[in-house]
Number of protein chains: 2
Amino acid sequence: MPLQGDESVKSNKHPNNFPSADHDHQRCVDSALGKAESYCTARGVRLTKLRHRVLELIWANHRPVGAYDLLQQLTLEGHKASPPTIYRSLDFLLDNGLIHRINSLNAYVGCDHPGLDHAAQFFICGACGQAAELEDTKIDSAISGHARRIGFCIEGKTIEISGTCANCQQQQRDRQG
Amino acid sequence: MPLQGDESVKSNKHPNNFPSADHDHQRCVDSALGKAESYCTARGVRLTKLRHRVLELIWANHRPVGAYDLLQQLTLEGHKASPPTIYRSLDFLLDNGLIHRINSLNAYVGCDHPGLDHAAQFFICGACGQAAELEDTKIDSAISGHARRIGFCIEGKTIEISGTCANCQQQQRDRQG
DNA sequence: ACAACAAATGTTATAATATAACGTAACATA
DNA sequence: TATGTTACGTTATATTATAACATTTGTTGT
Ligand SMILES: [Zn+2]
Ligand SMILES: [Zn+2]
Ligand SMILES: [Zn+2]
Ligand SMILES: [Zn+2]
């Protein structure tokens, strides 16, 4: 029974979808990689060693991370890699819905629930650098509704809201007050 | 009486906000530049010759256009320009709300209603390359609502919906049928 | 196991987008 | 006109991404 919802992951996260500071991050990485493995097996695509490692690095960062950052992290661990190496892995992961690209940051972030053809909506905190992926039906239906009214056929959506997350606002207040 | 709504522009456009194929484009460019001039005068900022020309080129294209495309267009008309020249003008125009950046295209497009602190939502047609700027209250309030619920303080929004506009869908049907 | 093919990766070079740093010119204000 | 500020010119470089082709690895049929 592949690809079912995994509540254990949700419970590992802050209710507002931003990863909390003290979450069990290893479990968080392991869960994501485990899901990715099952998903690739189910789809009959190969999550090779390199692709697996790139996805692992993305989740280890647990925030949107640039291609050249990943490249450097690979290099630091001894893998002599050049740009096409990383971009090919990123392309695979994007094609298979295992990561998302954040256009406003030129960065890549792991997807919580791979395989679903879901609307990727992101709230991105400029203070902590973290991104929360959402699936707000109201936002999605508002957009679909407008598209229908103007006869627009939707192929892709980029919805990236930047600002400051609740945690970081609180920390800023603490520092000031 | 600066910065008021100008219905004459709306009437120059297709109801779905995509510029129609036969719209009076010169009027469209003139109107945008005129508004920009008043706006800059009102705000006490300088729409210099270069900035004016860059904005004019952007509107002349009347679709999202890349920085290096603009650079080439400037060069073709004899202005020996280098990247900083164009990027500085783009920065000025962005800062003053006269253009928007389309993150998913690395491109820049003129803003219909400069000066308003409006939500920039775009529907972008991959066939004709045109972009429709919207201000759908439902979309905006759906996003604001979600932000409020998770305590997120919004600073900027990137909402870019890609696909095929009604006109281009019709043309595709005509070609096939 | 072997050949033959396909998929993935390595490698080198280059494209496309954007900014840093510093000098010069134009403009504003007094 | 002197002075300070803003904008622009110019050179170099940073950042992000892809093209092209060689090599390796994996798969499939025999
Ligand atoms: Zn985590
Ligand atoms: Zn934060
Ligand atoms: Zn026009
Ligand atoms: Zn179109």
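The preceding data block contains the structure.
In this report, the structure presented in the accompanying data block is examined. (Residues numbered from 1 in each chain as written. Chains lettered and ligands numbered in written order. Predicted model: local features only at pLDDT ≥ 70, side-chain atom pairs only at ≥ 80, totals over all residues. Heavy atoms only, no water.)

1. Some details on the pairing of strand S2 (residues 107–110) of chain A
Residues and elements named next belong to chain A.
- Side-chain alternation along S2 places Ala-107 and Val-109 on one buried face and Tyr-108 and Gly-110 on a second face that is also buried.
- As paired strands, strand S1 (residues 99–102) and S2 are joined by four bridges and run antiparallel to one another. The partner of Arg-101 across the bridge, within S2, is Tyr-108.
- In sequence, S1 turns back onto S2 through a hairpin of four residues, with Asn-106 there showing a positive phi of about 50 degrees. (Buried < 20%, exposed > 50% of the residue type's maximum accessible area, 1.4 Å probe, protein only. Helix = DSSP H or I, 4+ residues; strand = E, 2+ residues; numbered from the N terminus. Pairing = 2+ DSSP bridges.)

2. Overview of the relation of the copies chain B and chain A
- If you rotate chain B by 180 degrees and push it 0.0 Å along the axis, it lands on chain A with an RMSD of 0.0 Å. Here the transformation between the copies is reduced to the relation of a two-fold axis. Residue Ile-159 of chain B of chain B places its C-alpha closer to the rotation axis than any other residue of that unit, at 2.3 Å.
- A share of 100% of the interface residues of chain B reappears at the interface of chain A, consistent with the copies meeting face to face through the same patch. (Least-squares fit on C-alpha atoms with pLDDT ≥ 70 in both. Contact = heavy atoms within 4.5 Å.)

3. Examining the layout of surface pockets
All names here are of chain B.
- The computed volume of the largest pocket comes to approximately 740 Å³.
- Lining the largest pocket are 28 residues, with His-100, Ala-120, Glu-155, Gly-156 and Lys-157 positioned closest to its centre.
- Considering only residue class, the lining of the largest pocket consists of ten nonpolar, ten polar and eight charged. (1 Å grid on protein atoms, 1.4 Å probe; cavity = no way out; pocket = protein on both sides within 12 Å on 5 of 7 lines; lining within 4 Å. Points joined across faces, edges and corners; volume = space filled by probe spheres on them. Nonpolar A, V, L, I, M, F, W, Y, C, P; charged D, E, K, R; others polar.)

4. Focus: the coordination of the zinc ion (ligand 3)
Residues and elements named next belong to chain B.
- Surrounding the zinc ion (ligand 3) are the protein donor atoms His-23 (NE2), His-25 (ND1), Cys-28 (SG) and His-62 (ND1), which sit 1.9 to 2.5 Å from the metal.
- Coordination at the zinc ion (ligand 3) is tetrahedral: its four donor atoms span angles of 97 to 117 degrees at the metal.
- The sequence motif formed by the donor residues of the zinc ion (ligand 3) is H-x1-H-x2-C-x33-H. With His-25 in helix H2 (residues 25–43) and His-62 in the loop between helix H3 (49–61) and helix H4 (67–76), this residue pair connects regions lying 37 residues apart in the sequence. (Donors = N, O, S within 2.8 Å, 3.2 Å for Na, K, Ca; no water. Tetrahedral: all angles 85-135°; square planar, octahedral: opposite > 155°, others 65-115°.)

5. Comments concerning the coordination of the zinc ion (ligand 2)
Residue and element names in this part refer to chain A.
- The coordination sphere of the zinc ion (ligand 2), as far as protein atoms go, consists of Cys-125 (SG), Cys-128 (SG), Cys-165 (SG) and Cys-168 (SG), spread over 2.2 to 2.4 Å.
- Because the angles between the four donor atoms bound to the zinc ion (ligand 2) fall within 102 to 117 degrees, the donor set is best described as tetrahedral.
- Mapping the donors of the zinc ion (ligand 2) onto the primary sequence yields the spacing C-x2-C-x36-C-x2-C. Highlighted residues: Cys-125 in strand S3 (residues 121–125) and Cys-165 in the loop between strand S5 (153–164) and helix H7 (166–176), separated in sequence by 40 residues.
- For Cys-165, a relative accessible area of 1% translates into the label buried.

6. Some points on unusual backbone geometry
- Although it is not a glycine, His-62 of chain A sits at a positive phi angle of roughly 50 degrees.
- Its identity as a non-glycine residue notwithstanding, Asn-106 of chain B has a phi of 50 degrees, on the positive side.
- Tracing the sequence through the fold places Asn-106 of chain B in the loop between strand S1 (99–102) and strand S2 (107–110).
- With a relative accessible area of 44%, Asn-106 of chain B lands in the partly exposed category.

7. Details of the interface of chain B and chain A
- If you look at the interface, chain B gives 34 residues, while chain A gives 34 residues.
- Between chain B and chain A the total buried area reaches about 2,800 Å² when both faces are included, carbon and sulfur atoms providing 62% of it.
- Taken as a group, Phe-123, Ile-150 and Phe-152 of chain B account for 20% of the area that chain B buries against chain A, more than any other trio of residues on that side.
- For the pair chain B and chain A, the interface holds two salt bridges.
- With a closest N to O distance of 3.1 Å, Arg-149 of chain A and Asp-136 of chain B form a salt bridge.
- The interface formed by chain B and chain A contains 16 residue pairs in polar contact (both at pLDDT 80 or more).
- Elements that contribute at least two residues to the side of chain B that touches chain A include exactly strand S3 (121–125), helix H6 (137–149), strand S5 (153–164) and helix H7 (166–176) of chain B.
- Counting residues per element, the side of chain B that touches chain A draws most heavily on S5 of chain B, at twelve residues.
- Grouping the amino acids of the side of chain B that touches chain A by side-chain chemistry returns 17 nonpolar, eleven polar and six charged.
- Here S5 of chain A pairs with S5 of chain B via eleven bridges, running antiparallel. Within S5 of chain B, the residue paired with Glu-160 of chain A across the bridge is Thr-158 of chain B. (Buried area = accessible area lost by both parts, 1.4 Å probe. Salt bridge = Lys/Arg side-chain N within 4 Å of Asp/Glu carboxyl O. Polar contact = N/O pair within 3.5 Å; in protein donor to acceptor, adjacent residues only side chain to side chain.)

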